[in-house]
Amino acid sequence: MKLDSHVPEGPIADKWDNHKFDVKLVNPANKRKFHVLVVGSGLAGASAAATLGELGYQVTMLTFHDSPRRAHSIAAQGGINAAKNYRNDGDSVQRLFYDTVKGGDFRAREANVYRLAQVSVNIIDQCVAQGVPFAREYGGLLDNRSFGGAQVSRTFYARGQTGQQLLLGAYQALARQVHLGNVDLHTRTEMLDLVVKDGRACGVVARHLITGQVKSFAGHAVVLATGGYGNVFYLSTNAMASNVTAAWRAHKRGALMANPCFTQIHPTCIPASDDFQSKLTLMSESLRNDGRIWVPESGTDTRSPDQIPESERDYYLERRYPTFGNLVPRDVASRASKREVDEGRGVGPIKNGVYLDFGEAINRLGRHTMEERYDNLFQMYERITGDDPYKVPMRIYPAVHYTMGGLWVDYNLMSNVAGLYVLGEANFSDHGANRLGASALMQGLADGYFVLPATINDYLAPLLGSPAVGTDDPAFKAAESNVADQTNRMLSVKGTKSVDHFHRELGKIMWNDCGMARSAETLDNALSAIPALRDEFWTDVKILGDGESFNQSLEKAGRVADFLEFGELLVRDARDREESCGGHFRVEHQTEDGEALRDDDNFAYAAAWEWKGVGEQPEVHKEPLTFDNVHLAQRSYK
Amino acid sequence: MDLTLRVWRQAGPDSPGRFETYAMPGVSEDMSFLELFDVLNEQLLADNEEPVAFDHDCREGICGSCAMMIDGRAHGPEKGTATCQLHLRKLKNGSVITVEPWRSAGFPIIKDLAVDRSAFDRIVESGGFITAPTGAARDANEILVPKEASDAAMDAAACIGCGACVAACPNSAAQLFTAAKYSHLSLLPQGQPERYTRVVAMVEEMEKYFGSCTNHGECEQACPKEISIDFIAMLNRDFVKAQFKNTRLSGQRA
Amino acid sequence: MTATQANTGQHRQPVHPGTPPAHPVLRFWRSAVGKKWIMAVTGIMLLGFVFAHMVGNLKIYLGAGPLNTYAEWLRNLGEPALPRTVLLWIMRIGLIGAFFLHIVSAAQLTRMNQRARPSKYQSPRDYAAASFASRTMRWTGVIVGLYLIFHLMDLTWGNANPRYVRGDTYENVIHSFKRVPVAIVYILANIALAIHIFHGAWSMFQSLGLNNPKWNRARRTFAMGFATLIGVVNISFPLMVVTGVVK
């Protein structure tokens with residue numbers, strides 16, 4: 001299989017404009033004749049469905065949530081980047097492009113990233129027009145802040161709820177289309193299979209989560225905007241229901257999965273308190289602007305933090321990275337914390353965190369200023385832990401947060417399966433090996449509002465006159481029975497262990513062997529442990545109830561079953577990539593100072609994996625990445 | 001700590017329901033209330049009893065999925081907190097906690113503690129948007145929004161759509177939800193052109209499913225985002241204005 | 001298939017079906033927000049009446065002459081532009097209309113609210129804001145309404161007052177309140193009235209949309225003050241008669 005990224009010719013700044021001119025169009029009267037299925041209602045899915053509806057396509061939206069507004073985009077706190085240069089601080093499309101490619105440790109496709117930076121400005125315009133209440137200056141203009149170590153202030157925000165506000169904007173646009181009858185909304189409907197006929201994606205099969213009814217949906221094109229797979233680690237900042245199922249089932253129908261080992265670990269999360277812990281909560285990265293990270297010098301120190309004198313504290317980030325100090329990028333900060341905890345200097349009841357101390361900032365700025373900046377975060381922290389960060393340092397630890405890998409797509413966001421488009425976190429395209437703060441929201445909305453609506457016509461135009469494959473086609477019937485079979489198979493195991501048990505066990509393997517630091521040894525270990533756990537799942541999982549009603553254990557079982565297959569691919573990808581880059585750190589490949597060591601000669605490619613069957617060795621296809629506009633360089637934050 | 005849960009169990013929308021009592025000994029006070037239910041469900045599974053169905057997702061108080069009536073309060077005793085963010089240390093050791101689903105004709109029970117809140121989507125679909133098709137927007141900074149207006153809009157927009165306002169309201173009214181959605185859009189300059197059609201559409205849709213507001217103020221107390229009932233007053237005022245205003249000849253004056 | 005039907009396996013039928021009429025007045029009347037507005041406006045009229053009534057009745061403390069003079073003045077109000085009692089009747093009809101709309105709205109909203117929660121909570125509620133006054137509006141309203149009928153029979157029409165003499169307001173009041181059970185009925189009814197007014201006088205601002213966060217506390221104080229004033233003064237009448245202070 002030859003991977004063709006379909007990146008247009010010409011200088012990078014002109015590619016997108018040229019491409020929009022070159023693609024085939026569907027005339028307005030003909031758009032009604034095309035039916036597009038959109039799966040997922042987060043930023044990417046909702047914005048895509050709304051925009052396609054506005055354009056005149058017939059859209060069907062499926063979401064497993066009870067309302068499109070619940071998608072996990074809603075939880076993003078910090079903000080959204082755009083190269084507006086409203087601060088007059090030297091920002092530009094070129095700079096946002098450069099920062100994103102470099103921040104992604106040179107493992108993203110240049111042309112996609114450039115386009116992302118270009119449309120970023122339109123996103124802000126669009127969102128403001130929709131009524132997103134971004135923070136304002138007193139003069140009524142938009143406010144900005146700097147974020148994630150960027151050297152310019154290009155982040156737009158709505159308090160600590162930017163994701164919520166952007167999602168509500170897209171959701172409201174979607175609601176309008178639902179009201180107008182352009183979008184047919186199906187909630188609590190989970191996609192469980194992709195239907196491919198003659199090499200083209202022509203529909204999906206979904207299960208209604210309340211009635212258990214398995215139903216087919218046909219369309220001329222299928223758009224997956226189903227988010228990331230961070231929950232393969234069990235504990236993550238993702239929502240409980242976030243999963244890889246839609247993407248994975250598409251993968252099993254032929255779509256390639258690219259760079260699954262690129263996972264982002266966020267350094268400032270509240271550490272797990274015990275085994276019952278169901279998820280981790282992120283504390284905004286902005287806290288590192290005023291907090292100092294430290295651990296006691298001695299691992300046996302049991303004093304409360306305020307009793308430990310300055311001389312016996314190790315501010316290890318400030319010590320190791322004097323220039324950037326506590327503001328080093330996410331991956332660097334995360335690995336440093338892990339090192340301290342691994343070496344026995346962790347703090348807290350189960351010694352699994354490090355201190356993030358605001359004492360110095362409170363003395364310097366006063367409590368009032370700190371309240372203005374961080375009060376909602378401090379309150380959230382106190383609610384969860386019972387500790388008051390105004391008095392005692394926060395305890396933090398890294399947690400899985402975002403996944404850069406995903407289904408492989410070309411410049412048009414179409415996967416290698418014709419007619420199957422993948423948007424947002426579900427695709428692999430724009431962030432390379434590490435995502436910069438405030439860029440996830442940007443990508444989701446860029447894909448949904450601007451990229452897909454301009455590229456999907458290129459695929460649809462030649463299909464004018466050919467009706468969508470009917471849901472009575474054998475391809476649909478086969479997929480329906482495939483879905484029903486899996487449900488029955490899971491229900492008939494009648495074993496002894498809960499679905500959560502398997503998920504938790506998988507999470508332990510993934511986190512310990514393929515987490516912040518990976519080695520050939522740990523990865524090989526995982527490669528033998530995961531299939532064993534998967535076999536155990538299929539012989540010993542216990543699910544009560546039936547498939548014809550609201551059965552949350554059954555829903556979850558299907559998702560965990562997919563994680564048990566997907567996790568193996570993630571580990572295999574990590575094993576294959578014999579270099580360190582961004583969120584992927586192989587201990588064998590590091591500089592003398594313990595920093596990530598890339599191997600551009602051998603690994604400057606996207607690894608796109610082809611499914612060959614459960615337990616079979618997947619086949620890797622490589623899309624070479626070239627860097628004509630940004631010079632390959634080693635990142636340094638000393 | 002030791003707790004006893006009395007949980008409403010109901011197999012389906014039309015099935016009869018009842019309280020079941022479950023002893024929860026030796027649970028950690030660092031647990032969240034939903035993690036308590038995770039533990040309960042593991043226990044139930046071990047005893048071959050069907051787990052309790054309840055909606056939940058982000059578990060950080062923003063998605064609005066979780067919805068439990070805890071000891072007669074929507075989302076439980078802690079102010080400004082969704083069920084998922086309620087931690088057991090806020091409860092008394094040894095107490096019996098009664099948990100019910102939201103009850104409203106507009107929120108039919110699906111199973112156990114899970115209810116169908118799609119009536120909220122209908123309200124938004126009826127007019128809770130600004131018509132701004134993608135691509136037509138002018139530069140973001142061309143629209144000046146006074147900071148106070150933007151802050152007030154954000155206060156209203158913080159609504160997570162959990163339905164606690166309806167659950168807590170003695171009349172099962174959805175005024176706070178509707179007012180929050182309405183005010184968010186109608187406080188901003190971008191929302192002015194559709195202001196009066198929006199208010200009529202949203203109020204009429206709301207009244208298809210829910211009760212009427214008689215100003216108990218219970219919604220404000222239950223709201224995990226502490227949204228003020230001042231927005232309800234704004235909704236009421238605009239609704240009355242909309243009915244009698246000569247919008248055809250008001251020109252640019254909203 | 002519409003989106004609404006497709007939405008879930010659940011029923012998504014409106015709880016309160018029907019389509020709004022086209023005429024704005026009917027449409028306004030049909031909506032609960034409109035009815036609450038009407039309740040607030042009629043409530044203000046009724047509050048005005050209750051206040052004026054109370055002020056007028058205070059003349060009982062000045063003796064029979066001033067009270068009867070006041071009563072006569074009311075009948076003559078509007079002369080010579082209008083014939084005697086015409087303005088009084090206009091006001092009475094206005095009041096009757098206000099009562100009617102207030103009560104019909106309340107009854108319809110109550111029915112709407114009952115339909116909106118057909119199955120009640122099965123465990124006790126722990127109210128955080130809803131006051132005794134707000135939750136008992138329909139009962140205090142009913143009590144005040146029933147009492148009003150008795151009050152009219154007692155002091156306006158005279159058929160509940162054996163010693164009623166048309167025109168002699170002062171003596172009618174004294175004779176009525178001298179009956180201890182009647183005095184008790186008056187006192188209880190006015191407690192109910194005060195409670196009703198306490199929530200109503202606060203709530204009407206909300207229903208009319210006349211709110212400003214700067215005045216939210218003042219609204220509470222106003223409601224409390226107004227309700228207390230009406231309650232205390234109105235209760236003082238039977239109390240003073242029963243205890244013999246006013247003869």
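Computed from a predicted model, the values in this text were never measured in an experiment.

A. The pattern of salt bridges, seen in detail. All told, the structure shown has 74 salt bridges over all chains when counted by the stated rule. For the salt bridge of Arg-395 of chain A with Asp-387 of chain A, the shortest nitrogen-to-oxygen distance reads 3.9 Å. For Arg-395 of chain A, a relative accessible area of 17% gives the class buried. Residue class for Asp-387 of chain A comes out partly exposed when judged on its relative accessible area of 27%. With a closest N to O distance of 2.5 Å, Arg-84 of chain C and Glu-72 of chain C form a salt bridge.

B. Fine view of the interface of chain C and chain B. Contacts between chain C and chain B engage 53 residues on the former and 58 residues on the latter. Regarding the contact of chain C and chain B, the summed buried area is about 4,600 Å², with carbon and sulfur atoms giving 52% of it. The residue Asp-126 of chain C makes a salt bridge to Arg-73 of chain B at a minimum N-O spacing of 3.2 Å. Across the chain C-chain B interface, the total number found is 34 residue pairs in polar contact (both at pLDDT 80 or more). Only helix H2 (24-30), helix H3 (32-57), helix H5 (86-116), helix H6 (132-135) and helix H9 (180-208) of chain C provide two or more residues apiece to the side of chain C that touches chain B. Counted by class, the side of chain C that touches chain B contains 22 nonpolar, 21 polar and 10 charged residues.

C. Region of the structure containing the interface of chain A and chain B. Residue-level contacts link 74 residues of chain A with 79 residues of chain B. Here chain A packs against chain B, burying approximately 6,200 Å² in sum over the two surfaces, 51% of which is carbon and sulfur. When the buried surface of chain A facing chain B is broken down by residue, Arg-70, Phe-276 and Arg-383 of chain A rank first, second and third, together holding 12% of it. The interface formed by chain A and chain B includes five salt bridges.

D. Spatial organisation of the domain arrangement of chain A. Residue and element names in this part refer to chain A. By domain assignment, chain A separates into domain 1 (266-401) and domain 2 (478-601). For domain 1 versus domain 2, the distance between C-alpha centres works out to 29 Å. Of the residues lining the interface, 11 residues belong to domain 1; the matching set on domain 2 comes to nine residues. Interface of domain 1 and domain 2: buried area, both sides summed, is about 810 Å²; carbon and sulfur atoms make up 60% of it.

E. Layout of the sheet that holds strand E12 (residues 292-296) of chain A. Residues and elements named next belong to chain A. With antiparallel pairing, five strands are arranged side by side in an open sheet as E11-E15-E14-E12-E13. The open sheet is flanked by strand E11 (263-269) and strand E13 (313-314), the only strands paired with a single partner. Bridge count between E12 and E13: two bridges; the pairing is antiparallel. Opposite Pro-296, over in E13, you have Arg-313 as the bridge partner. Packing of helix H9 (residues 330-342) onto the sheet brings it into contact with E11, E12, E13, strand E14 (354-357) and strand E15 (394-403), and relative to E11 it is tilted by some 65 degrees.

F. A look at the side chain of Ser-203 of chain C. For Ser-203 of chain C, the position within the fold is in helix H9. In this structure the side chain of Ser-203 of chain C is engaged in a polar contact, spanning 2.5 Å, whose partner is the side chain of Asn-215 of chain B. The residues touching Ser-203 of chain C, leaving out its near neighbours within four places in the chain, are Thr-214 and Asn-215 of chain B together with Lys-36 of chain C.

G. Spatial organisation of a nonpolar patch on the surface. Residues and elements named next belong to chain C. The grouping of Val-180, Ile-184, Leu-188, Ile-191 and Val-242 at the surface amounts to a nonpolar patch, some 420 Å² of accessible area in total. Sort the elements by how many residues they give to the nonpolar patch and H9 lands first, with four residues. With respect to the helices and strands, Leu-188 occurs in helix H9. Residue class for Leu-188 comes out exposed when judged on its relative accessible area of 53%.

H. Looking closely at unusual backbone geometry. Here the residue pair Glu-79 of chain C and Pro-80 of chain C is connected by a cis peptide bond, since its omega of 5 degrees sits within 30 degrees of zero. For Lys-351 of chain A, which is not glycine, the phi dihedral falls at a positive 50 degrees. Assessed through its relative accessible area of 35%, Lys-351 of chain A is described here as partly exposed. One non-glycine residue, Asn-215 of chain B, lies in positive phi territory at about 60 degrees. Relative to the helices and strands, Asn-215 of chain B is located in the loop between helix H6 (195-209) and helix H7 (218-222).

I. Molecular detail of the side chain of Thr-60 of chain A. All names here are of chain A. Its place among the elements puts Thr-60 in strand E2 (residues 58-62). For Thr-60, a relative accessible area of 4% gives the class buried. Not counting residues up to four positions away in its chain, the partners in contact with Thr-60 are His-35, Val-36, Leu-37, Val-38, Asp-184, His-186 and Phe-217.

J. The arrangement of the sheet that holds strand E1 (residues 3-10) of chain B in detail. All names here are of chain B. The five strands lie next to each other as E2-E1-E5-E3-E4, forming an open sheet whose pairing is mixed. One side of each edge strand has no neighbouring strand; the edge strands of this open sheet are strand E2 (17-24) and strand E4 (73-74). The sheet contact formed by strand E3 (residues 69-70) and E4 spans two bridges and is antiparallel. In the strand pairing of E4, Met-69 is matched with Ala-74. Running at roughly 75 degrees to E1, helix H1 (residues 33-46) makes contact with E1, E2, E3 and strand E5 (96-100) of the sheet.

K. Structural context of the environment of Ser-131 of chain C. All names here are of chain C. In this structure, Ser-131 sits in the loop between H5 and H6. Using a relative accessible area of 24% as the deciding quantity, one classes Ser-131 as partly exposed. Considering only alpha carbons, one finds Ser-131 and Val-232, 101 residues apart in sequence, at a separation of 20 Å.

L. Local environment of the environment of Leu-113 of chain B. All names here are of chain B. Tracing the sequence through the fold places Leu-113 in the loop between strand E6 (109-111) and strand E7 (114-115). On the basis of relative accessible area, Leu-113 is assigned to the buried category, the value being 2%. Non-local contacts of Leu-113, meaning those with residues more than four positions away in its chain, are made with Val-7, Trp-8, Phe-37, Val-52, Ala-53, Phe-54, Ala-67, Met-68, Val-99, Glu-100 and Pro-101.

M. Inspection of the nonpolar core at higher detail. If you look at the biggest cluster of nonpolar residues, it comprises 309 residues, and the most contacted ones within it are Phe-33 and Phe-37 of chain B. Here this core gets 12 residues from one element, more than from any other, and that element is helix H11 (residues 440-460) of chain A. Setting aside its immediate chain neighbours within four residues, Phe-37 of chain B contacts Leu-5, Val-7, Val-52, Phe-54, Met-68, Val-99 and Leu-113 of chain B. Cys-202, Val-205, Phe-476 and Ala-479 of chain A belong to the second-largest nonpolar core, a separate cluster that totals eight residues.

N. Looking closely at the packing of aromatic side chains. Throughout the structure, instances matching the rule amount to 39 aromatic pairs over all chains. Where Phe-33 of chain B meets Phe-37 of chain B, the ring centres are 5.6 Å apart and the plane angle is 50 degrees; that geometry is what we call tilted. On the criterion of helical spacing, the pair formed by Phe-33 of chain B and Phe-37 of chain B is a turn pair, its members being four residues apart in helix H1. Phe-33 of chain B sits in the buried class, given a relative accessible area of 0%. Seen from their ring centres, Phe-150 of chain C and Tyr-186 of chain C are 6.2 Å apart, and the 65 degrees between their planes marks the pair as edge-to-face. With a gap of 36 residues between them, Phe-150 of chain C in helix H7 (residues 137-155) and Tyr-186 of chain C in helix H9 connect regions that are remote in the sequence. On the basis of relative accessibility, which here comes to 24%, the residue Phe-150 of chain C falls in the partly exposed class. Overall, the relative accessible area of 2% leaves Tyr-186 of chain C in the buried class. Through a chain of ring-to-ring contacts, the aromatic side chains of Phe-107, Phe-120, Phe-177, Tyr-209 and Phe-210 of chain B assemble into a single cluster. The ring of Tyr-402 of chain A has Arg-435 of chain A sitting right over it, with the charged end atom 4.1 Å from the ring centre.

O. Expanded view of H9 of chain A. Residue and element names in this part refer to chain A. Look at H9: 18 Å from first C-alpha to last across 13 residues, which is about the 18 Å you get at 1.5 Å a residue. The buried fraction of H9 amounts to 10 of the 13 residues, a majority that puts the element mostly inside the structure. Taken together, the buried positions of H9 are occupied by Arg-330, Asp-331, Val-332, Ala-333, Ser-334, Arg-335, Ala-336, Ser-337, Glu-340 and Val-341. Those residues of H9 hidden inside the fold are in contact with E11, E12, E13, helix H8 (316-320), E14 and E15. One or two steps after H9, the chain reaches Gly-344, where phi turns positive at roughly 90 degrees.

P. Focus on the packing of helix H8 (residues 230-244) of chain B against H9 of chain C. Contact geometry of H8 of chain B with H9 of chain C gives a least axis separation of 6 Å together with a crossing angle of 55 degrees. Taken together, the axes of H8 of chain B and H9 of chain C are oblique relative to one another. Of H9 of chain C, the residues touching H8 of chain B (which contributes Asp-230, Ile-232, Ala-233, Asn-236 and Arg-237 of chain B) are Gln-206, Ser-207 and Leu-208 of chain C. Across the contact of H8 of chain B with H9 of chain C, the residue classes break down as three nonpolar, three polar and two charged.

Conventions and cut-offs
Residues numbered from 1 in each chain as written. Chains lettered and ligands numbered in written order. Predicted model: local features only at pLDDT ≥ 70, side-chain atom pairs only at ≥ 80, totals over all residues. Heavy atoms only, no water. Salt bridge = Lys/Arg side-chain N within 4 Å of Asp/Glu carboxyl O. Buried < 20%, exposed > 50% of the residue type's maximum accessible area, 1.4 Å probe, protein only. Contact = heavy atoms within 4.5 Å. Buried area = accessible area lost by both parts, 1.4 Å probe. Polar contact = N/O pair within 3.5 Å; in protein donor to acceptor, adjacent residues only side chain to side chain. Helix = DSSP H or I, 4+ residues; strand = E, 2+ residues; numbered from the N terminus. Nonpolar A, V, L, I, M, F, W, Y, C, P; charged D, E, K, R; others polar. Domains from an automatic or database assignment. Pairing = 2+ DSSP bridges. Axes fitted to C-alpha atoms, helices over the stretch in contact; angles between N-to-C directions. Patch = residues over 30% accessible without salt bridge, like charges linked within 9 Å, V, L, I, M, F, W, Y side chains within 5 Å. Areas by Shrake-Rupley, 256 points an atom, 1.4 Å probe, with all protein chains shown as cover. Core = buried A, V, L, I, M, F, W, Y, C linked by side-chain atoms within 4.5 Å. Phe/Tyr/Trp six-rings, centres within 6.5 Å; stacked < 30°, edge-to-face > 60°. Lys NZ or Arg CZ within 6 Å of the ring centre and 35° of its normal. Expected span 1.5 Å × (residues − 1). Parallel < 35°, antiparallel > 145°, perpendicular 65-115°, else oblique.

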